[in-house]
Amino acid sequence: MSVKMLPMREALRAALREEMLRDERVFVMGEEVGVWQGTHRVTRGLLDEFGAKRVRDTPISEMAIAGVAVGAAMAGLRPVAEMMTINFAFLAIDAIINHAAKIHYMFDGMFRVPLVIRAASGWGDQATATHSHTAEPIFAHFPGLYVACPATPADGKGMLKTAIRNDNPVLFTESIGLYSKPGPVPDDEDFVLPVGKADIKREGRHCTIVTYARGLEWSLHAADELAKEGIECEVVDMRWLRPLDMATVFESFKKTNHCVVVEESLPFYSFGSEIAAQIQEHMFDYMDAPVKRVTAMDVPLPYARDIELMALPDTSKVVSAVKEVLHV
């Protein structure tokens, strides 16, 4: 299998293009995905290749985008609907949560909703409070909806292809801060990754760092820094918030007996809260210290650059958290 170095946005674009070539039922829709080639340039060139029937620019109405996508999926198509950012998905939450996530259950399996909703997530260089949410844990709260959060270009490609082929609705989030970050990506149209399977990105024996999406970058950098002091961290990239692969977390925790959870999102009612609760409930006999969480501060994200960065996780905060749980 050959490998190419691609930034995240190009890996996602490759996944879309390959799946559109493979299955004529797959089409892309959203604000500025066609003529403008996507706000984040993920859909660049697709309109020229596939035409306006399969790359559809929509009005500025997220509820309409999600509602039409749900209906198209129920009718047998496989729409990939883009939300410019996950902040705007709040305007479509009725279609996503009350319809897409529940139709298969409420109709006793008579209908399926093979739908992917792509949404850029996270902070993006002074985008301010209303445009800087990392809201995927909110959507992961609801059964019936899969939530995918890739952290590397290879995972982005393999997970997006899997999401498009899956018969369940998937919220597919893409960290704004990762769009330009390059990485090796398999040049293989059949490269897919399993739904709901975490990945150990670095092995270690002293502390388990559980993270996803942008948090992986901070966690790996922190692990590199800590290794210089003889502290070896195992970094678990969850990749999916629903289904949630706690089995991989538990196996890592049995080795290390310590855990730090790193997320870009807010601390209350969060991904980190769920990981900590499940470790306490199921792994109590292995715990040598309380689980420590590294999150954004519990404030609307400020505009001023220095204060914005102060409110967000970073490598140094992860390093400090690991040292705290290890008492070093």
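Residues numbered from 1 in each chain as written. Predicted model: local features only at pLDDT ≥ 70, side-chain atom pairs only at ≥ 80, totals over all residues. Heavy atoms only, no water.

1. Brief notes about the overall build of the chain
Moving on, step 1. For the chain, the count of helices and strands is twelve helices and 14 strands.
Moving on, step 2. Against the compact-globule benchmark of 20 Å for 328 residues, the chain has a radius of gyration of 20 Å, which places it among compact chains.
Moving on, step 3. Taking the principal axes of its C-alpha atoms as reference, the chain extends roughly 60 × 45 × 45 Å.
Moving on, step 4. Taken over 328 residues, the chain has a buried fraction of 54%.
Moving on, step 5. Taking all contacts inside the chain whose residues are at least 6 apart in sequence as the whole, residues at least 24 apart take part in 81%.
Moving on, step 6. When the accessible surface of the chain is split by element, carbon and sulfur atoms take 56% of a total near 14100 Å².
Moving on, step 7. Of the side-chain charges in the chain, 34 are positive and 45 negative, and the distance between the mean point of each set is 3 Å. (Helix = DSSP H or I, 4+ residues; strand = E, 2+ residues; numbered from the N terminus. Rg over C-alpha atoms; globule rule 2.2 N^0.38 Å. Buried < 20%, exposed > 50% of the residue type's maximum accessible area, 1.4 Å probe, protein only. Contact = heavy atoms within 4.5 Å. Areas by Shrake-Rupley, 256 points an atom, 1.4 Å probe, with all protein chains shown as cover. Lys, Arg positive; Asp, Glu negative; His and termini not counted. Charge placed at Lys NZ, Arg CZ, Asp CG, Glu CD.)

2. Describing the sheet that holds strand E2 (residues 26-30)
Moving on, step 1. Strands sit in the order E3-E2-E4-E5-E7-E6-E12 across an open sheet of seven strands; the sheet is mixed. Where the open sheet ends on each side, the last strands, each with one partner, are strand E3 (55-57) and strand E12 (240-242). Sheet twist, expressed as the mean angle between neighbouring strand axes with direction ignored, is 20°.
Moving on, step 2. Direction of pairing for E2 relative to E3: parallel, over a ladder of three bridges. Pairing of Met29 across the sheet is with Arg56, part of E3.
Moving on, step 3. Across the sheet, helix H3 (residues 62-74) is in contact with E2 and strand E4 (78-83); its angle to E4 comes to roughly 170°. (Pairing = 2+ DSSP bridges. Axes fitted to C-alpha atoms, helices over the stretch in contact; angles between N-to-C directions.)

3. Observations concerning the environment of Gln278
Moving on, step 1. With respect to the secondary-structure elements, Gln278 resides in helix H10 (residues 271-282).
Moving on, step 2. The class of Gln278 is buried, set by a relative accessible area of 17%.
Moving on, step 3. Note: C-alpha distance between Gln278 and Met246 (32 residues apart in sequence) is 8.0 Å.
Moving on, step 4. Excluding its chain neighbours within four sequence positions, the residues that come into contact with Gln278 are Leu244, Met246, Phe250 and Met283.

4. A word on the nonpolar core
Moving on, step 1. Of all hydrophobic cores here, the largest spans 49 residues; its most connected members are Ile96, Phe139 and Ile279.
Moving on, step 2. A domain split of this core shows at least three residues from each of domain 1 (3-186) and domain 2 (199-326).
Moving on, step 3. In this structure, Phe139 is in contact with Ile86, Ala89, Phe90, Ile93, Ile96, Ile97, Leu145, Val147 and Leu171, ignoring residues within four places of it in sequence. (Core = buried A, V, L, I, M, F, W, Y, C linked by side-chain atoms within 4.5 Å. Domains from an automatic or database assignment.)

5. Description of the packing of aromatic side chains
Remark: the centre distance and the inter-plane angle together describe each pair of aromatic rings, the angle taken between the planes.
Moving on, step 1. Under the criterion given, the structure shown has four aromatic pairs.
Moving on, step 2. Ring geometry for Phe90 and Phe139: centres 6.4 Å apart, planes at 5°, overall stacked. Here Phe139 lies in helix H6 (residues 136-140) and Phe90 lies in the loop between E4 and helix H4 (93-100), a separation of 49 residues in the sequence.
Moving on, step 3. Classification of Phe139 by relative accessible area gives buried; the value is 0%.
Moving on, step 4. Geometrically, the ring pair formed by Tyr212 and Phe271 is edge-to-face, given 4.8 Å between the ring centres and 75° between the ring planes. Taken together, the positions of Tyr212 in the loop between strand E10 (207-211) and helix H8 (214-227) and Phe271 in helix H10 put the pair 59 residues apart, joining distant regions of the chain.
Moving on, step 5. What makes Tyr212 buried here is its relative accessible area of 2%.
Moving on, step 6. The exposure class of Phe271 is buried, given its relative accessible area of 5%.
Moving on, step 7. It is Arg41 that lies over the ring of Trp36; its NZ or CZ is 5.0 Å from the centre. (Phe/Tyr/Trp six-rings, centres within 6.5 Å; stacked < 30°, edge-to-face > 60°. Lys NZ or Arg CZ within 6 Å of the ring centre and 35° of its normal.)

6. Considering the packing of helix H9 (residues 246-256) against H10
Moving on, step 1. Here H9 crosses H10 at 60°, and the two axes come no closer than 11 Å. With respect to H10, the element H9 is oriented oblique. The two elements H9 and H10 cross, and the hand of that crossing is right-handed. Residues Met246, Val249, Phe250 and Phe253 of H9 pack against Ile275, Gln278, Ile279 and His282 of H10.
Moving on, step 2. Among the residues forming the contact of H9 with H10, the class breakdown is six nonpolar, two polar and no charged. (Parallel < 35°, antiparallel > 145°, perpendicular 65-115°, else oblique. Left-handed = near helix turned anticlockwise from the far one by under 90°. Nonpolar A, V, L, I, M, F, W, Y, C, P; charged D, E, K, R; others polar.)

7. As for the sheet that holds strand E11 (residues 233-237)
Strands in a sheet are paired, the pairing made by backbone hydrogen bonds, and the direction either parallel or antiparallel.
Moving on, step 1. Here five strands make up an open sheet; going across it, the order is E9-E11-E10-E13-E14 and the pairing mixed. With one partner strand each, in any of the chains shown, strand E9 (199-202) and strand E14 (292-294) form the two edges of the open sheet. Geometrically, the sheet is characterised by an average inter-axis angle of 25° between neighbouring strands, direction not taken into account.
Moving on, step 2. Inspection of the sheet shows E9 paired to E11 by three bridges, in the antiparallel sense. Its bridge partner lying in E11, Asp199 is registered against Asp237.
Moving on, step 3. Sitting on the sheet, H8 touches E9, E10, E11 and strand E13 (259-262), and the angle it makes with E11 is about 170°.

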